Amino acid sequence: MLKAEERFSRPMDLPILIGSECTYVPVIAAFRRVPSNNIDDWLISNGQPRSDRDLAAEVLLEVRGLPSVDGHRRGRHYSVIEVLEFERAAALVISTFLAESR
C-alpha cells in the first residue's frame, strides 16, 4: 500500500462508456506520485514521447464515481482499463496529473 505522501486524489469529469454511450462522469481519481525530478525521463522513453494511455496506466490508481447527493448510494468503482478505453480520458488524466505535479 502506498503511503499518503505517495498518492493524491482529484475530482474530474471523465468520458466513460456506459451502456453503448460515452458519458462524462464526475469521479474522484487517485494518482500515484512521480518524483518531480523524474518527470522528464518518465514522459520521454528512448527519445520518443510516450502515449497518454501508457502514462495514465502507470499513475492512475483508482477511479470512483461520486456518491449520490442523498448519500444512499456509494460511488461506482471504475477499472483503470475501463477508463482508459478512450484516448481523450487518458489525455485528461495526464493533463490533470501533470498540473498537480508541479
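Quick caveat, the model's predicted, so the values are computed rather than measured.

Definitions and limits used
- Within each chain, residue numbers correspond to sequence positions counted from 1 in written order.
- Residues qualify for local features only when their pLDDT is at least 70, as the model is predicted, and side-chain atom pairs are given and counted only at 80 or more; totals for whole chains, interfaces and linings, by contrast, use all residues.
- Based on all heavy atoms of the structure, the side-chain values leave hydrogens and waters out of the count.
- Runs of H or I in DSSP of at least four residues are treated as helices and runs of E of at least two as strands, each being numbered from the N terminus.
- Buried, partly exposed and exposed residues are distinguished by accessible area as a fraction of the type maximum, computed with a 1.4 Å probe on protein chains only: under 20%, between the cut-offs, and over 50%, respectively.
- The definition of a polar contact used here is a pair of N or O atoms within 3.5 Å, where within protein one atom must be able to donate a hydrogen and the other to accept one, and adjacent residues in sequence count solely through side-chain atom pairs.
- Contacts between residues were defined by any pair of non-hydrogen atoms, one from each residue, lying within 4.5 Å.
- Criterion used throughout: strands pair if DSSP finds at least two bridges between them.
- All axes are obtained by fitting lines to C-alpha atoms, using only the stretch in contact for helices, and the reported angles, taken between N-to-C directions, cover 0 to 180 degrees.
- Arc definition: it is the arc formed by the directions from the helix axis to the C-beta atoms.
- Here the angle decides the label: under 35 degrees means roughly parallel, over 145 means roughly antiparallel, 65 to 115 means roughly perpendicular, and every other value means oblique.
- We call a crossing left-handed when the near helix sits turned anticlockwise from the far one by less than a right angle, and right-handed when that turn is clockwise.
- Under the scheme applied, nonpolar residues are Ala, Val, Leu, Ile, Met, Phe, Trp, Tyr, Cys and Pro; charged residues are Asp, Glu, Lys and Arg; polar residues are all the others, including Gly.

Q: Can you help me understand the side chain of Ser 101 in this one?
A: Tracing the sequence through the fold places Ser 101 in the segment after helix 4 (87-100). A relative accessible area of 15% places Ser 101 in the buried class. In terms of polar contacts, Ser 101 uses its side chain to reach the backbone carbonyl oxygen of Phe 97, at 2.7 Å. Each residue touching Ser 101, except ones within four places of it in the same chain, is listed here: Ser 36 and Ile 39.

Q: What's the story with the sheet that holds strand 6 (residues 77-78) in this structure? I'm lost.
A: The strands that make up a sheet are held in pairs by hydrogen bonds between backbone atoms, and each pair lies either parallel or antiparallel. Ordered by their spatial adjacency, 4 strands build an open sheet running 1-2-5-6, and the pairing between neighbours is antiparallel. Since the sheet does not close on itself, it has two edges, and those belong to strand 1 (7-18) and strand 6, each with one partner. Against the sheet, helix 4 touches strand 1, strand 2 (21-32) and strand 5 (60-65), its axis set at about 165 degrees to strand 1.

Q: Looking at this structure, I do not really get the pairing of strand 2. What am I missing?
A: Relative to strand 2, strand 1 is paired through 12 bridges, and the arrangement is antiparallel. Across the sheet, Arg 7 pairs through a bridge with Arg 32, a residue of strand 2. Counting the residues in the hairpin turn of strand 1 and strand 2 gives 2 residues, including Gly 19, whose phi is positive at 70 degrees. Looking at chain direction, strand 2 and strand 5 are connected through 5 bridges and run antiparallel. Along strand 5, the bridge assignment pairs Phe 31 with Leu 60.

Q: Can you walk me through helix 2 (residues 52-59) in this structure?
A: Burial in helix 2 covers these residues: Leu 55, Ala 56 and Val 59. On an axial view of helix 2, the arc spanned by its buried residues comes to 95 degrees, and they lie on one face. Close packing links the buried residues of helix 2 with strand 2, helix 1 (39-43), strand 5 and helix 4.

Q: Sorry if this is basic, but what is going on with the packing of helix 2 against helix 4 here?
A: Geometry of a packed helix pair, given as the angle between the helix axes and the separation of the axes. Where helix 2 contacts helix 4, the axes come no closer than 8 Å and their chain directions differ by 60 degrees. For the element pair helix 2 / helix 4, the angle class is oblique. Regarding helix 2 and helix 4, the two cross each other, and that crossing is left-handed. Listed contacts from helix 4 to Asp 52, Arg 53, Leu 55, Ala 56 and Val 59 of helix 2 are Glu 87, Ala 90, Ala 91, Val 93, Ile 94 and Phe 97. Here the residues of the contact of helix 2 with helix 4 sort into 8 nonpolar, no polar and 3 charged.

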